[in-house]
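Chain by chain, the residues run as shown.
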Amino acid sequence: MITVEKLTKSFGSHRVLDAVDHRQERSESVVILGPSGCGKSTFLRCLNQLEVPDSGRITISDVTVDCARPVPREVQRQLRLRAGMVFQQFHLFPHLTALENILEAPVHVQGRPRAEVLDEARALLAQVGLSDRAGHRPSQLSGGQQQRVAIARALAMRPAVLLLDEPTSALDPELREEVRDVLRRLADDGLTMLLVTHDLQLARDVSDRIRFFHGGQVVEEGRPEAVLDNPQHPRTREFMGKTGGG
Amino acid sequence: MPERHPQTRTNQPLLRGLPTTASILLLLLLSLVRAQADLWSEVQSRGVLRWGDDAEGGAPYIYHPENDATRLVGFEVEFAEALAARLGVRDQFVQNNWDMLLPALRQGGNFDVVIAGMERTPENLAKADMSRPYFVFAQQLVVRSNNAAWQSISDLKGKPVGVLSASSSHRLLERLGGFDIRVYQDNVNYFRDLEVGRIDGVLTDTPIAQVNLAGNDRLRAAGAPFEPGYYAVAVPAGETNLLRRLDTAIEGLAADGTLERIYTKYGQWSATQEGLRTWQPPVEVVRRQRSGLREWRTFLPMLLRAAVTTVWVTCGGMILAVTLGLALAIVKQYAPAPLRWMAVAYIEVFRGTPLLLQIYFIYFGLAQQLGLKLSAGAAAVLALGLNYAATEAENYRAGLLSVPRGQMEAALALGMKQRVALRRVLLPQALRISLPSVTNDFIAMFKDSSIVSVIALVELTKEFQIRAIDTGDYLGLGLMTAGIYFAMSWTASLGARRIERMLHHDHR
């Protein structure tokens, strides 16, 4: 489903990603952990071309890009259509209601008839537990509710894979659980997800596999119980010690 | 008051000193009043007669000779010289905007008299005293040479005819009625507009026609001069002593041939000027002090009609400004390099040069150099729109820049093309942010639109000027005009606030 080969990215002289490989099957849910500045967010943003990598190959579903050459805009867009994105800060469109946020891309990007999408959008809102908030604007919603709408918005485009960049980090601890709950159910339903997070609870709940980033490379990976409870690499151990199990 | 008060008297009752103090004050006051009342003795003691005129008046009145921009010549310059000499003093020219010469004279400005082709009319006599005439002129119709049919002013009924603002030609056409009167600020530009065909005729004073027709084969005088009138020296009201001296001096200059010599030199002497020698004042001069407020039934409709012009020029200009401004902002922010530079250049040029200059350029410059003959209304809308577009572009850009970066990323991540992201996500947010600045500019443009009066478009401020010069009532008419401007901008800002509230509510 996702294949990444030797993805490299530098900001100036600082090499953020150092020939990172990544393979992920359909319905597999992978969590990337790592200290701040380890390149994990950059990795995610490279996958849907919000950052332009220096070199490497990315394949998501049926679209492959060779990052060593300039990527045509249309190819970038095709890649993005296959990889939905959920941001740490939600980035809902403030001038639209929750329902309109979900309708926006299917109607104005895919050109699907509004009436047809409407039922789907309502079903998605129900799926994230916000049926009664359809007419609310983002400013009238709590952070947790906003993030759940953002997840529904991304799913409305039926992406092959959902990329989530620290989906619970901007939330108060008591609001995190509602987002975790939604993500747990999505993982159980077999959605292919790639998450970057500091939230160890979330990592334990939704991942089939954890990859630990350090210095722009993967230094350890394995089953969640193995990486979380019995880390091998000194950096991983240090990280678990500090973060303290979530 | 030579009597000295010994020190010992200071402890006497205060009242004792009062008669002395009062008489000193009275004397001071009297001397002040006398000094004010008699401008003639002031001129005498100064040894200089200061005369006000506008050096932009042009040939043959007052102008710079072709090879010397520091010197002034013209029949009025030489007349003033001869007049002062006859009074036994020197003359000194004082520059003042022509429109404001009489108001400035009345305020006790920095000149004693006005010698500026000022006509001896009841309107002017209501604002100042006027000497016996020193020059006879008449109305001359000027048309294009290639039009043989038009021979008199009645042939131009319903056609656009240019006149000088608040001149006797202007008043004559208003009195006759039925003309499309185009009002100009100076005696040069209406001939240009006549040549390029924006107007079909110019009605002007004979000296102006004479000078401008010389060597110009594209224009011709149509019919004989008519409606004679007189130029006279304007004196502050009540200065009878000075007025008498001036009358005597002018009579002398007419009798001894000085005027004939000067006017012949400038090609202005004709048989009609002989009348200067025998001129007698009309038996009774009706002096009307007019009040715009008392006569609001006459003036308010005039001002309101002109306000309609202000409204459509402003609205037209603003529509152009907001649409062009939006395009400029998007190009400056998102287009590739060469296009972006063009937008930047446009914005900087139009923000960095005066609106007045742009109006002249668009109206006169384009017509002259490219033959692009815009109507005054179109030129006004274009100038205001093009100028404000630069400001609006920056307003929108500020709005675009204040939309968080994540919004664009979220839109792109959903597979939107940049164009769709702009239209569906960024612009709706940016426009809400820039709306208050845009409505501010809309209100500002109501006021800025007054500047288009320089291109023969009579909008509210111009109408006010014309009527105020006619009546001398700057205060009353000014209050009425200000009231209309205020009503317009207030309505605009109420509307704007309503829209803002609606969008704000929508946003929450």
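For clarity, every value in this text was computed on a predicted model and none was experimentally measured. (Residues numbered from 1 in each chain as written. Chains lettered and ligands numbered in written order. Predicted model: local features only at pLDDT ≥ 70, side-chain atom pairs only at ≥ 80, totals over all residues.)

Asks: So what exactly am I meant to see when it comes to the overall build of chain B here?
Replies: Broken down by element type, chain B carries 19 helices and eight strands. For chain B, the C-alpha atoms occupy an extent of roughly 95 × 90 × 50 Å along the three principal directions. In chain B, which comprises 508 residues, the share counted as buried stands at 39%. At a minimum sequence separation of 6, the contacts of chain B that also span at least 24 residues come to 74%. (Helix = DSSP H or I, 4+ residues; strand = E, 2+ residues; numbered from the N terminus. Buried ≥ 20, exposed ≤ 12 C-beta atoms within 10 Å, placed from the backbone. Contact = placed C-beta atoms within 7 Å.)

Asks: Help me understand the overall build of chain A, please; the structure alone is not making it clear to me.
Replies: Across its full length, chain A holds nine helices and 10 strands. For 246 residues, the compact-globule estimate of 2.2 N^0.38 gives 18 Å, and the C-alpha radius of gyration of chain A, at 18 Å, lies within 12% of that figure. Seen through its C-alpha atoms, chain A measures out along the principal axes to roughly 50 × 45 × 30 Å. Residue burial in chain A is summarised as follows: out of 246 residues, 49% are buried. Considering only contacts within chain A whose residues lie at least 6 apart along the sequence, 62% involve residues at least 24 apart. (Rg over C-alpha atoms; globule rule 2.2 N^0.38 Å.)

Asks: Sorry if this is basic, but what is going on with the sheet that holds strand β10 (residues 217-222) of chain A here?
Replies: Two pairing modes exist for strands in a sheet, parallel and antiparallel, and in both the strands are linked by backbone hydrogen bonds. All names here are of chain A. Across the sheet, six strands lie side by side as β6-β7-β8-β3-β9-β10; this open sheet has mixed pairing. Strands at the two margins of the open sheet, each flanked by one partner only, are β6 (83-86) and β10. Pairwise comparison of adjacent strand axes, ignoring direction, gives a mean angle of 20° for this sheet. Examined bridge by bridge, strand β3 (residues 29-33) and strand β8 (residues 193-196) share four bridges and lie parallel to one another. Paired with Ile-32 across the bridge in β8 is Val-196. (Pairing = 2+ DSSP bridges. Axes fitted to C-alpha atoms, helices over the stretch in contact; angles between N-to-C directions.)

Asks: When you look at the interface of chain B and chain A in this model, what are you seeing that I'm missing?
Replies: Interfaces are frequently sized by the accessible area removed from exposure as the parts join. Facing 17 residues of chain B, the contacting portion of chain A comprises 19 residues. Where the side of chain B that touches chain A is concerned, the elements lending two or more residues are α16 (405-413) and α17 (418-448) of chain B. In terms of residue count, the dominant contributor to the side of chain B that touches chain A is α16 of chain B (six residues). The class makeup of the residues in the side of chain B that touches chain A is eight nonpolar, five polar and four charged. (Nonpolar A, V, L, I, M, F, W, Y, C, P; charged D, E, K, R; others polar.)

Asks: I would appreciate a short explanation of the nonpolar core in the present structure.
Replies: The tendency in soluble globular proteins is for nonpolar side chains to be buried side by side. Of all hydrophobic cores here, the largest spans 153 residues; its most connected members are Ile-102, Leu-125, Ala-152, Leu-163 and Met-193 of chain A together with Ala-380 and Ile-455 of chain B. Contact partners of Met-193 of chain A, with chain neighbours within four places excluded, come to Ser-29, Leu-162, Leu-164, Leu-186, Ala-187 and Val-206 of chain A. By size, the runner-up hydrophobic cluster in this structure holds 47 residues, among which are Trp-51, Ile-115, Ala-128 and Ile-250 of chain B. (Core = buried A, V, L, I, M, F, W, Y, C linked by C-beta atoms within 7 Å.)

Asks: Sorry if this is basic, but what is going on with the sheet that holds strand β2 (residues 14-24) of chain A here?
Replies: Residues and elements named next belong to chain A. Read from one edge to the other, the open sheet built from four strands follows the order β2-β1-β4-β5, with strand pairing classed as antiparallel. In the strand order of this sheet, the two ends are held by β2 and β5 (63-66), each with one partner. Strand after strand, the sheet turns through a mean of 15° between neighbouring axes, direction not considered. By the bridge criterion, four bridges tie strand β4 (residues 55-60) to β5 in an arrangement that is antiparallel. Bridge pairing in β5 links Arg-57 to Asp-66. Helix α1 (residues 40-47) contacts β1 (2-11), β2 and β4 of the sheet and is inclined by roughly 60° relative to β2. In the packing of helix α2 (residues 73-82) onto the sheet, contacts are made with β4 and β5, and the angle to β5 comes to roughly 130°.

Asks: What should I look at first to understand the packing of helix α3 (residues 98-108) of chain A against helix α4 (residues 114-127) of chain A in this one?
Replies: Packed helices, taken two at a time, are described by the angle their axes make and the gap between the axes. All names here are of chain A. Axis separation between α3 and α4 bottoms out at 9 Å; the angle between their running directions is 130°. Here α4 runs oblique to α3, going by the angle between their axes. Every pair of crossing elements has a handedness; the one defined by α3 and α4 is right-handed. Contacts from Ala-98, Leu-99, Ile-102, Leu-103, Pro-106 and Val-107 in α3 reach Arg-114, Val-117, Leu-118, Ala-121, Leu-124 and Leu-125 in α4. Looking at the contact of α3 with α4, its residues break down into 11 nonpolar, no polar and one charged. (Parallel < 35°, antiparallel > 145°, perpendicular 65-115°, else oblique. Left-handed = near helix turned anticlockwise from the far one by under 90°.)

Asks: Any chance you could explain the pairing of β6 of chain A here in plain terms?
Replies: Looking along a regular strand, one sees the side chains alternate between the two faces of the sheet. All names here are of chain A. Here β6 shows a buried face lined by Ala-83 and Met-85 and a second buried face lined by Gly-84 and Val-86. Strand direction decides the pairing type here: β6 and strand β7 (residues 161-165), joined by four bridges, are parallel. In the strand pairing of β7, Gly-84 is matched with Leu-162.

Asks: Mind showing me how you'd approach helix α5 (residues 143-155) of chain A here?
Replies: Residues and elements named next belong to chain A. An ideal rise of 1.5 Å per residue puts 18 Å on 13 residues; α5 measures up with 18 Å between its terminal C-alpha atoms. Residues Gly-144, Gln-145, Gln-146, Gln-147, Arg-148, Val-149, Ala-150, Ile-151, Ala-152, Arg-153, Ala-154 and Leu-155 constitute the buried set of α5. The elements touched by buried residues of α5 are β6, α3, α4, β7 and α6 (173-188). (Expected span 1.5 Å × (residues − 1).)

Asks: Help me understand the packing of helix α13 (residues 337-352) of chain B against helix α15 (residues 376-401) of chain B, please; the structure alone is not making it clear to me.
Replies: All names here are of chain B. α15 packs onto α13 with a crossing angle of 120° between their chain directions and a minimal axis gap of 8 Å. One finds that α13 runs oblique with respect to α15. As for how α13 packs across α15, the hand of that crossing is left-handed. In this structure, α13 contributes Tyr-346, Ile-347, Phe-350 and Arg-351 to the contact, and α15 contributes Leu-386, Asn-387, Ala-389, Ala-390, Thr-391, Ala-393 and Glu-394. Tallied by class, residues from the contact of α13 with α15 come to seven nonpolar, two polar and two charged.

Asks: I'm lost on α6 of chain A in this one. Help?
Replies: Counting along an α-helix, one turn takes 3.6 residues, and residues three or four places apart therefore face a common direction. Residue and element names in this part refer to chain A. Under the 1.5 Å per step criterion, the end-to-end length of α6 is 23 Å for 16 residues, consistent within 8% with the ideal 22 Å. What α6 keeps buried is the set Arg-176, Val-179, Arg-180, Val-182, Leu-183, Leu-186 and Ala-187. Angularly, the buried residues of α6 cover 165° about the axis, an arc narrow enough to put them on a single face. Those residues of α6 that are exposed and aimed more than 90 degrees away from the buried face are Glu-174 and Asp-188. In this structure, the buried residues of α6 make contact with β3, α5, β8 and α7 (200-206). Immediately beyond the C-terminal end of α6, within one or two residues, lies Gly-190, with a positive phi of roughly 90°. (Arc of directions from axis to C-beta.)

Asks: It is not clear to me how unusual backbone geometry should be interpreted in this structure. Could you clarify?
Replies: Trans peptide bonds make up most of the peptide bonds, and negative phi angles are found at most residues other than glycine. Cis geometry marks the peptide bond from Ala-59 of chain B to Pro-60 of chain B; its omega dihedral reads 0°. Of note, His-91 of chain A is a non-glycine position whose phi angle comes to about 55°, a positive value. Relative to the assigned elements, His-91 of chain A resides in the loop between β6 and α3. Since 24 C-beta atoms lie within 10 Å of it, His-91 of chain A is described here as buried.

Asks: Help me understand the pairing of β2 of chain A, please; the structure alone is not making it clear to me.
Replies: Bridging between β1 of chain A and β2 of chain A involves seven bridges; their strand directions are antiparallel. Directly across from Leu-7 of chain A, in β2 of chain A, lies its bridge partner Val-20 of chain A.

Asks: What am I meant to see in the confidence of the model for chain A here?
Replies: The predicted coordinates of low-pLDDT regions are not to be read in fine detail. Model confidence for chain A is summarised by a mean pLDDT of 93, while 98% of its residues fall at 70 or above. Considering each helix and strand of chain A separately, the mean pLDDT is smallest for helix α9 (residues 234-243) of chain A, with a value of 85, and largest for β7 of chain A, with 97. (pLDDT = per-residue confidence, 0-100.)

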